[in-house]
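# Per-entry structural report
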Amino acid sequence: MEYTFQFAAVFRELPYLLGGAALTLGIAFTSFWGGAVIGVLGAVAKVNGKRVARRIASAYVVFFTNTPALVQIFLLYYALPDVGILLDPLVAVVVGLTLNSGAYLTEILRAGVISVRRSEIEAATALNMSRFQILLYVILPHIAKTIYAPLSNFFVWLVLGSSLAALFGVEELTGRAINISTENLRSIETFLVVAVIYALLTLIASATLALVGRWAFRVDAKVL
Amino acid sequence: MSHLEIRNVSSVYGKQRVLQDVSLSADKGEVVSLIGPSGSGKSTLLRVLIGLTPPIDGEIHIAGERVDYSSRRHLRRLRNRMAIVFQQYNLFQNMSVLRNVAIAPIKIKKRPRREAEEHARSLLKKVGMEDKQDAYPDQLSGGQQQRVAIARALATNPELLLLDEVTSALDPERVNEVLDTIRLLRSEGITMLIVSHEMAFVREVSTKVAMMDSGRIVEIGTPDQIFAAPRENRTREFVSKILSHPK
Amino acid sequence: MFERLVQEAPQFFGYHNLVFIGQAMGRTLWMTLIGCGVGFVCGLFIAIIRQTQTRILMPVRLLVIVYVEFFRRIPFLVILFIVLFAIEPLIPGTSLLGIATVSVCLLSTAFLSEVIRSGLESVPRQQIEGAATLNFSFIQMMSMVILPQSWRVILPPAAAFIVMFIKDTSLASQLGVIELTFAGKMLVNRGFSPILGFGAILLCYFMLSYPLSRFAAYLEKRLESS
C-alpha cells in the first residue's frame, strides 16, 4: 500500500490556516477572561460567602465540571431558540466555554485562596503591616504562586478545547482545516499540519506564560 | 598496601571543584574521621567512594584492587563490600523495619529468606531495635530510624562502612544511642570512614583524623595530635572554634 | 415550552429510547475504560523509560518525549481526524468505534504518562541513592522502592484525569460513533425537544462523572494527609 505525502497543497493555504489560529486564540482569550471574572466571584462565594451563595457556587461548579462542554453548547445552541433566543454559533461556543472556564477557574482560585497560611498573615500583622499591605505583599503573591501552574495548564486546555467550535461551523483553526481537507482531499496532510500549528501555538503560549510567571511572580516555572 | 587507598582524587559538582587532589588511606579495622567546615567536601568524598558521584581524576583501591567507577560490574562488586549510612537515614518508607534490613540480602544477594531474616533480627538486636521489627519508618524517631539504617548497611556484611553525618539530623538526646552503636561496631573491627561534627566522639573512636577544607585535605594525624597539637593554622582555627563553641 | 416537555416526556422515556441511551452510555463507558486502561499501562511503560539513564535508550527516550509533548498539545478532535484518515487506507473496514478507541488510547497514554512520571519523580532522590548503594538493579529499584511509594501520588490526579476523559469522549460523536452525545443528537433529530434530549444526555454524563470526581477528591484528601 503506497501513499505519497503531498504537503504543497496544504502549505499554500497556510495564511488561511493561521487566520483560523488567530480566531482560536481569540476564542480562548475571551473565554479565559470571561471565566476569570466568574471564577473570582465563584471563589469568593465559596470561601467567604453565605450559605446560599456557597451552595449556588458549588452547584454551578459541580454541574459544569462533570458534563462535557460539547453537550452544554448543543443545549445552548439548539434549545435557546425554543424560548426565542437565537445564538450565533461563535457566540454560543464562547458563552459555553466561558461558563466552563468559570467553573474550573473557581476551583483553581479557591485552592489558591485557601493555600494562604494564617501564620504568614499573623507575621505580617506583627510587623505592623496595614491590611492593604498584607493583601498586596503577602496574600496576592502567595495566591499568584499557587495558581500559576494550574492556570497556565488550563489556558492550554482551553486553546485545545476551543476546537469544538468547528462542529458548529465556526471557522477557527480546526474548522478551516475541515474546509481545506474537503477541497484538496489531502486530509492527513492537512490535519498533520494543523496538529503542528496547535502544538506550536500551545508551546508558545506555555513558554510565554512561564516567562511572565518568572518575571512577575518569581514562579519557578519550566519554560519548556 | 592499605585496605582502602585513595590517591589524588578530584571531583566536580556542576562546574565547581568539590574535591581536589585528595589522598587518604585506611588499614583494616581502622576508624578514619573526616572533619572540617560544611561544604569542605567530606560528604562528597564518601559519595565518590560509594559511586554516587563520579570522580574525575585519581585512583581508588580497595584491598589492592583498583575500582573502575565507570564499570557497572566494578560498582556492583564495590557496593557488595562497602555500605553507607546517610544523614537522612533514607530508609525505604514502604517497607517494615525488618524488610528494610533483609531486602538487600534476599533480593540482591539471593540468600534464603529465613536465613536473611534471622540475620536481620540479630542485627536489629545489636542496634537495640529488635522490638520494632514490624514498625514502619514513619512510626520511628530519628535515632531509631538511624539505628535501623545502620543495621541495613551491615546486613550485607560490608568490609567498609561509610557514615555520613549520621547524628546531624537527630535530637541531642538521641545522639548517644547512635554513637553507642558505632562504638560497638568499632570493637568488632570493621573499617569505618566517618564524617561527623561530634568532636568528642571523633577524638574517642578514631584511629586517624583528616581535616578538610575547600575540597582539600589540610592535615592528617592521630586524634590527639589533631586536637591537641595541630600543625596547620586552618586546623587550629577550626578545632579551637568548634571546641570553644560545642553545639 | 413546558407543555411541550410534559407532552413529550412519556414517549421520550419509553422503553426503546432508554435502551438506546443505555447502549450509548455503554459505548461512552467502553471508550473511557479501554482508553484509561491502555493509557495507564502504556503510560507507565513510557514513564519508566523516561526514568532510565542508559545511553542505548536515548533515541527511545527522545521519541517518547516527542510523542507525549505532541499529543498533549493537539485537540482531541484533530487526533480523531488524523487517526480516521490514517487507519482507513491502512486497515480498511475498521469500525468507527475502533477508530475512536485508538484515538482515545493515544490521547490517554500521553496524559497518563505525565501523571505517572510526576508520581515517580515525587519519590525523594535519597530513596534512589539508598537503593543504588545496596546494589539494586533499575528494575528492582522501580518495582520495590519507587512504584510502591509513588502510587499515592499518582492515583488522585489519575482519577481526576479520567473525569476529564469521560467528557472528551463526547467528541467521538463527530465520527458517528453512537455514544451518549451522538445519541442525544439523534434523539433531537427525531423530533424530541433539545432540552429533553440534551438534558437527558447531560444527566447521563453527570451520573458517570460525578461519583468518580467525588472519589478523586476523596483520594486526594485521604492520600495527602498520611
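Look above for the structure.
Read on for a plain summary of the structure. (Residues numbered from 1 in each chain as written. Chains lettered and ligands numbered in written order. Predicted model: local features only at pLDDT ≥ 70, side-chain atom pairs only at ≥ 80, totals over all residues. Heavy atoms only, no water.)

It is worth spelling out helix H1 (residues 2-12) of chain C at this point. All names here are of chain C. Restricting attention to buried positions, one finds in H1 the residues Leu-5, Glu-8 and Phe-12. Buried residues in H1, looked at end-on, bunch into an arc of 85°, giving them a common side. Relative to its buried face, H1 has exposed residues pointing more than 90 degrees away, namely Glu-3, Val-6, Gln-7 and Pro-10. (Buried < 20%, exposed > 50% of the residue type's maximum accessible area, 1.4 Å probe, protein only. Helix = DSSP H or I, 4+ residues; strand = E, 2+ residues; numbered from the N terminus. Arc of directions from axis to C-beta.)

On to the pairing of strand E1 (residues 4-13) of chain B, then. Residue and element names in this part refer to chain B. Pairing analysis gives seven bridges linking E1 to strand E2 (residues 16-26), with the strands arranged antiparallel. Its bridge partner lying in E2, Glu-5 is registered against Ser-25. Between E1 and E2, which pair antiparallel and follow one another directly, the connecting turn spans two residues, one of which, Gly-14, has a positive phi of 65°. Bridge analysis of E1 against strand E4 (residues 57-62) gives five bridges, and the strand direction is antiparallel. Looking at the pairing, Glu-5 lines up with His-61 of E4. (Pairing = 2+ DSSP bridges.)

Residue and element names in this part refer to chain B. Strand order in the open sheet formed by six strands is E6-E7-E8-E3-E9-E10, and the pairing between neighbours is mixed. A strand with exactly one partner marks an edge of an open sheet, and here the two such strands are strand E6 (82-85) and strand E10 (216-221). On average, adjacent strands in this sheet sit at an angle of 20° to one another, irrespective of strand direction. Across four bridges, E6 lies against strand E7 (residues 160-164) in parallel orientation. Across the sheet, Ala-83 pairs through a bridge with Leu-161, a residue of E7. Across the sheet, helix H2 (residues 72-81) is in contact with E6 and E7; its angle to E6 comes to roughly 70°. (Axes fitted to C-alpha atoms, helices over the stretch in contact; angles between N-to-C directions. Contact = heavy atoms within 4.5 Å.)

The subject of this paragraph is the environment of Leu90(A). Residues and elements named next belong to chain A. Its place among the elements puts Leu-90 in helix H5 (residues 89-114). Of the residues examined, Leu-90 reaches a relative accessible area of 30% and is grouped as partly exposed. Along the backbone, Leu-90 and Phe-168 are 78 residues apart, and their C-alpha atoms lie at a distance of 7.8 Å. Once residues within four sequence positions are removed from consideration, Leu-90 is found in contact with Ile-27 and Val-170.

Attention now moves to the interface of chain C and chain B. With 16 residues of chain C in contact, the opposing surface of chain B contributes 23 residues. Across the chain C to chain B interface the summed buried area is about 1700 Å²; carbon plus sulfur atoms make up 59%. Of all residues in chain C, the largest losses of buried area upon contact with chain B belong to Thr133(C), Leu134(C) and Asn135(C), amounting jointly to 38% of the total for that side. Applying the counting criterion to the chain C and chain B interface returns one salt bridge. Close ionic contact of Arg47(B) with Glu129(C) constitutes a salt bridge, the shortest N to O distance being 2.6 Å. On inspection of chain C and its partner chain B, the count reaches nine residue pairs in polar contact (both at pLDDT 80 or more). Listed by contribution, the elements that provide at least two residues to the side of chain C that touches chain B are helix H6 (125-133) and helix H7 (138-168) of chain C. Classifying every residue of the side of chain C that touches chain B gives seven nonpolar, eight polar and one charged. (Buried area = accessible area lost by both parts, 1.4 Å probe. Salt bridge = Lys/Arg side-chain N within 4 Å of Asp/Glu carboxyl O. Polar contact = N/O pair within 3.5 Å; in protein donor to acceptor, adjacent residues only side chain to side chain. Nonpolar A, V, L, I, M, F, W, Y, C, P; charged D, E, K, R; others polar.)

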